[in-house]
Amino acid sequence: MNQDQMQNDISIIKRMIDQTRRHTAESGSLFISIGMLWLFVPVLLVFLEKSSLKHYWWPVFIGGLVITLVIGLLIGIRESKKSLPLTYAKKVFSQLWIAVGSVCILTSVLFPLAGVYPEQYISIITWPVIAIGVYLSGVIYEITVIRWLSSSWLFGAILMAFITIPIHLYIAVFTLFFGFVLPGIVFSRNYKKRSI
């Protein structure tokens, strides 16, 4: 291998590493955006229940899911328009969240609407799936803190299984902050740290 070929290979490797870092930053904005949306949704759902407007519960919940999909698609489209090489980490991350999102739609919408279980069990059943997604995101980008933060989803699901419903809103806010918003902040900071 001559010197020019070696330099070319090194520049390709550097470009791929930079792409992975950039996608880490994109993952941060994805996690923060979705986390902030879902910090608001449970509050609205509790308000609807207490205001005798329970008939709006499902439209608001499904609306939240649709907005989540739109956010994911917009960030994905923005990434693909950059026409940068698709890194292995990026590909695995995308496929992971497509799989997690598909299972979450089944467990949070289709199964409850089919009467398999009531909507108060949605979080208990869906959150362990999200925990897997967050944990594996930490594995893909080699960020230990994200792997630890993923346990907040499991902790929240366990608390909701054993604690009465009025406290579920506080558990949801705690879980969404530590399980989505904080990992998003860690992703963004990790990108900035590596870019220095």
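For every chain, the first residue of the written sequence is number 1, and numbering continues from 1 along that sequence. This being a predicted model, a pLDDT of at least 70 is required before a residue's local features are given, and a value of 80 or more before pairs of side-chain atoms are given or counted; all residues contribute to the totals for chains, interfaces and linings. Computation of side-chain values: all heavy atoms of the structure, hydrogens and water removed.

### Side note on the pattern of salt bridges
At step 1: The rule for a salt bridge is simple: a side-chain nitrogen of Lys or Arg has to be within 4 Å of a carboxyl oxygen of Asp or Glu. This model, assessed by the stated rule, comprises 1 salt bridge.
At step 2: Of the charged contacts in the structure, one is a salt bridge between Glu-119 and Lys-54, with a shortest N-O distance of 2.5 Å. Of this pair, Glu-119 sits in the loop between α3 (88-113) and α4 (122-140) while Lys-54 sits in the loop between α1 (3-50) and α2 (57-81); the two residues are 65 residues apart in sequence, bridging distant segments of the chain. In DSSP terms, a helix is any run of H or I states spanning at least four residues, a strand is any run of E spanning at least two, and both are numbered starting from the N terminus.

### Remarks on the nonpolar core
At step 1: Membership of the largest hydrophobic core comes to 41 residues, with the highest contact counts inside it found for Trp-38, Phe-61, Trp-97, Trp-127, Ile-130, Trp-153 and Phe-180.
At step 2: Taken together, the elements giving at least two residues each to this core come down to α1, α2, α3, α4, α5 (144-149), α6 (151-162) and α7 (168-195).
At step 3: In this view, Trp-127 contacts Ile-122, Trp-153, Gly-156, Ala-157, Met-160, Ile-171, Ala-172 and Thr-175; residues no more than four positions away in its chain are not counted. We call a set of buried residues a nonpolar core when its members are Ala, Val, Leu, Ile, Met, Phe, Trp, Tyr or Cys and they connect through side-chain atoms within 4.5 Å of each other. Burial status follows relative accessibility: with a 1.4 Å probe on protein chains alone, a residue under 20% of its type maximum counts as buried, one over 50% as exposed, and anything between as partly exposed. For this analysis, residues touch if any pair of their heavy atoms sits within 4.5 Å.

### Quick word on α3
At step 1: A helix is expected to reach a length of 1.5 Å times the quantity of its residues less one. Over its 26 residues, α3 extends 37 Å from the first C-alpha to the last, a length consistent with the 38 Å expected when each residue adds 1.5 Å.
At step 2: Note on bend: the value at a residue is the angle between axes fitted to the seven residues ending there and to the seven starting there. By the largest-angle criterion, Leu-106 marks the main kink of α3, which is about 35°.
At step 3: By the burial criterion, the buried members of α3 are Ala-89, Lys-90, Phe-93, Leu-96, Trp-97, Val-100, Cys-104, Thr-107, Ser-108, Val-109 and Pro-112.
At step 4: Looking one or two residues beyond α3, the residue adopting positive phi is Gly-115, at roughly 85°.

### Points about unusual backbone geometry
At step 1: A positive phi angle, close to 55°, is found at Ser-52, a residue other than glycine.
At step 2: Note that Ser-52 resides in the loop between α1 and α2.
At step 3: One non-glycine residue, Glu-142, lies in positive phi territory at about 55°.
At step 4: Positionally, Glu-142 belongs in the loop between α4 and α5.

### Describing the confidence of the model for the chain
At step 1: Per-residue confidence for the chain gives a mean pLDDT of 81, with 77% of residues at or over 70.
At step 2: Here α1 is the element of the chain with the lowest mean pLDDT, 69, and α6 is the one with the highest, 94. Per-residue confidence from the prediction method is given by pLDDT, with values spanning 0 to 100.

### Concerning the packing of α4 against α6
At step 1: Note on geometry: axes are C-alpha line fits, over the in-contact stretch for helices, and angles between N-to-C directions span 0 to 180 degrees. Contact geometry of α4 with α6 gives a least axis separation of 8 Å together with a crossing angle of 170°. For the element pair α4 / α6, the angle class is roughly antiparallel. Across the interface between the two elements, Ser-123, Ile-124, Trp-127, Pro-128, Ile-130, Ala-131 and Val-134 of α4 pack against Trp-153, Leu-154, Gly-156, Ala-157, Met-160 and Ala-161 of α6.
At step 2: Charged means Asp, Glu, Lys or Arg here, nonpolar means Ala, Val, Leu, Ile, Met, Phe, Trp, Tyr, Cys or Pro, and polar covers whatever is left, Gly included. Of the residues contributing to the contact of α4 with α6, the split by class is 11 nonpolar, 2 polar and no charged. Angular relationships are summarised with four words: roughly parallel below 35 degrees, roughly antiparallel beyond 145, roughly perpendicular across 65 to 115, and oblique for the angles in between.

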